[in-house]
Amino acid sequence: MKPINVGLLGIGTVGGGTFTVLSRNEAEITRRAGRPIRIVAVADKNTELANRLAGGKARITDDAFAVVNDPEVDVVVELIGGYGVAKELVLKAVENGKHVVTANKALLATHGNEIFAAAQKKGVVVAFEAAVAGGIPIIKAVREGLSANRIQWIAGIINGTTNFILSEMRDKGLPFADVLKEAQRLGYAEADPTFDIEGVDAAHKITILSALAFGIPMQFESAHIEGISKLEADDIKYAEQLGYRIKLLGITKWTPAGVELRVHPTLIPARRLIANVEGAMNAVLVQGDAVGATLHYGKGAGAEPTASAVIADLVDVARVFDADHEHRVPYLAFQPDAVVNTPILPIGEVETSYYLRLRVEDKPGVLADITRILADNGISIDAMVQREPGEGEEQTDIIILTHLVREKGVDAAIAKIEALPVVKRKVIRLRLENLG
Ligand code: HSE
């Protein structure tokens, strides 16, 4: 059969991995795809490196638009990242009738609706397995493997950098800033780690999973995002003592009032498998009404794991290359005319449990004042511990775990608690999910 001709935009880590895996596993991949997949054109500023990787088998240019406009190219693989020129290139490729494979979660989470609409009009595939959780085939699982289910919620460790930092903070009892420096030295965290540590990267990914799970448009702008930069090692220690681990989770949940879409540090029971995902690994827990819970675990980044996802998309494109567009798998799992614009629930309306840490004067009546405020706001206590004050110490920490409560109720109670003269610093508030 006629080979599939690929034009590759960007030969960073993932582009390099794509070359390596495509050539090492060429025979197996061709047997699966039913036709050879060959890279015929590459665009990168570093043309020397591109030449070396391609070994004379592809046209090399520093002009990405030349690849997108190349009549010989059937599929454009976009590995540039960001939503600047990458968006122009993807839309141009679609306009030229080319299929697109992309690892670009930022682009899809923010401009996916426009890109899928354009692709649908032109009858081309836009595939994005590598955009979420690197080598874990979570897009395929949610879009196809679980398509019998009403998906109830997804909770994922979908950022390896922050999971590495949290694991180190727990293991070594070190503060966030020290571990971040170490992560940068080891190459886990980038020189500008903002997108990772502030939860933006995870929010891009959970936005994509939310759209796939519930048949809704991408609504990144409505996601609630909190990162780990303000997390204190003391809270990791207290959580541990209470039987919980703290993970940066991307969470999306269907509720009758709307869809929850949020990223924040979360206490989860230490006995859950996902609580034991350590270092830079990723894991995604999907709860469906028929299947129950499924846990998908693996490497969320790196050259070959991410290339594994890119090439799986290329194999999919090769298999449906000659199919009518209406017989292909829909971009967001649901048929394009069946995507429903369900709103994202404001964070104040979200119901979950909470971990509260209060720094208080250690004297009679303090606990009574605090529990009265919680009771007045309809907040039920699940567990409570008080740190034994040190010799001569006049202040202590009280840690309270609550039952389910709406966030705006907790905010109101915290404001009243912080106004008490015996409360000595801002209340630390973390969300807790049982994931049961
Ligand atoms: N920066 C991401 C992470 C990997 O730390 O998991 C790419 O999505």
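Just above sits the structure.
(A) Expanded view of a nonpolar patch on the surface. On the surface, Leu367, Ile381 and Met384 cluster together into a nonpolar patch covering about 200 Å² of accessible area. Within the fold, methionine 384 resides in strand S14 (residues 381-386).

(B) Geometry of the site of the ligand. The full set of residues close to the ligand is Lys105, Asn159, Gly160, Thr161, Asp196, Asp201, Lys205 and Ala301. Contact between the ligand and glycine 160: an oxygen atom at 2.6 Å from a main-chain N or O atom of the residue. Contact distances for the ligand include 2.5 Å between an oxygen atom and a side-chain N or O atom of threonine 161. For the ligand, whose accessible area on its own is 260 Å², the fraction buried by protein is 81%. More than half of the atoms of the ligand fall within 2 Å of the grid points belonging to the largest pocket. At the level of secondary structure, the elements contributing two or more residues to the shell around the ligand comprise helix H8 (160-172) and helix H11 (200-214). Per-class residue counts for the shell around the ligand are one nonpolar, three polar and four charged.

(C) Region of the structure containing the sheet that holds strand S3 (residues 59-61). Spatially, S3-S2-S1-S4-S5-S6 is the arrangement adopted by the six strands of the open sheet, whose pairing is parallel. Strand pairing shows two members of the sheet lacking a second neighbour, S3 and strand S6 (126-127), which therefore form its edges. Two elements, strand S1 (residues 4-9) and strand S2 (residues 37-43), share six bridges in a ladder whose sense is parallel. Pairing of isoleucine 4 across the sheet is with isoleucine 37, part of S2. The strands touched by helix H1 (residues 13-24) within the sheet are S1 and S2, with S2 carrying the most contacts at an inclination of about 155°.

(D) Broad picture of the layout of surface pockets. In this structure, the largest pocket spans a volume of roughly 1,100 Å³. Along the wall of the largest pocket there are 43 residues; nearest its centre are Lys105, Glu190, Asp196, Asp201 and Ala301. Of all the secondary-structure elements, those providing two or more residues to the lining of the largest pocket are H1, helix H6 (105-122), H8, helix H10 (194-197), H11 and strand S11 (281-288). Tallied by class, residues from the lining of the largest pocket come to 17 nonpolar, 18 polar and eight charged. Counting contributing residues, the lining of the largest pocket receives three or more from each of domain 1 (4-135 + 303-335) and domain 2 (138-299). In this model, the second largest pocket occupies a volume close to 430 Å³. If you go around the second largest pocket, you meet 18 residues; those closest to its centre are Glu226, Lys230, Ile428, Arg429 and Leu430. Of all elements in the fold, only helix H15 (407-418) and strand S17 (428-432) reach the threshold of two or more residues within the lining of the second largest pocket. Here the lining of the second largest pocket takes three residues from S17, the largest share from any one element.

(E) Expanded view of the nonpolar core. Within the largest apolar cluster, 83 residues are counted, with the highest numbers of intra-cluster contacts made by Phe128, Ile138, Ile154, Ile165, Ile208, Leu209 and Leu267. A total of ten residues in this core trace back to one element, the largest contributor, which is H11. Apart from the residues lying within four places of it in its own chain, the contact partners of isoleucine 165 are Phe176, Val179, Leu180, Ala183, Ile197 and Ile228. One finds Val6, Ile11, Ile37 and Val101 within the second-largest nonpolar core, a separate group that totals 33 residues.

Analysis parameters
Residues numbered from 1 in each chain as written. Predicted model: local features only at pLDDT ≥ 70, side-chain atom pairs only at ≥ 80, totals over all residues. Heavy atoms only, no water. Patch = residues over 30% accessible without salt bridge, like charges linked within 9 Å, V, L, I, M, F, W, Y side chains within 5 Å. Areas by Shrake-Rupley, 256 points an atom, 1.4 Å probe, with all protein chains shown as cover. Salt bridge = Lys/Arg side-chain N within 4 Å of Asp/Glu carboxyl O. Helix = DSSP H or I, 4+ residues; strand = E, 2+ residues; numbered from the N terminus. Near = heavy atom within 4 Å. Polar contact = N/O pair within 3.5 Å; in protein donor to acceptor, adjacent residues only side chain to side chain. 1 Å grid on protein atoms, 1.4 Å probe; cavity = no way out; pocket = protein on both sides within 12 Å on 5 of 7 lines; lining within 4 Å. Sits in = over half its atoms within 2 Å of the grid points. Nonpolar A, V, L, I, M, F, W, Y, C, P; charged D, E, K, R; others polar. Pairing = 2+ DSSP bridges. Contact = heavy atoms within 4.5 Å. Axes fitted to C-alpha atoms, helices over the stretch in contact; angles between N-to-C directions. Points joined across faces, edges and corners; volume = space filled by probe spheres on them. Domains from an automatic or database assignment. Core = buried A, V, L, I, M, F, W, Y, C linked by side-chain atoms within 4.5 Å. Buried < 20%, exposed > 50% of the residue type's maximum accessible area, 1.4 Å probe, protein only.

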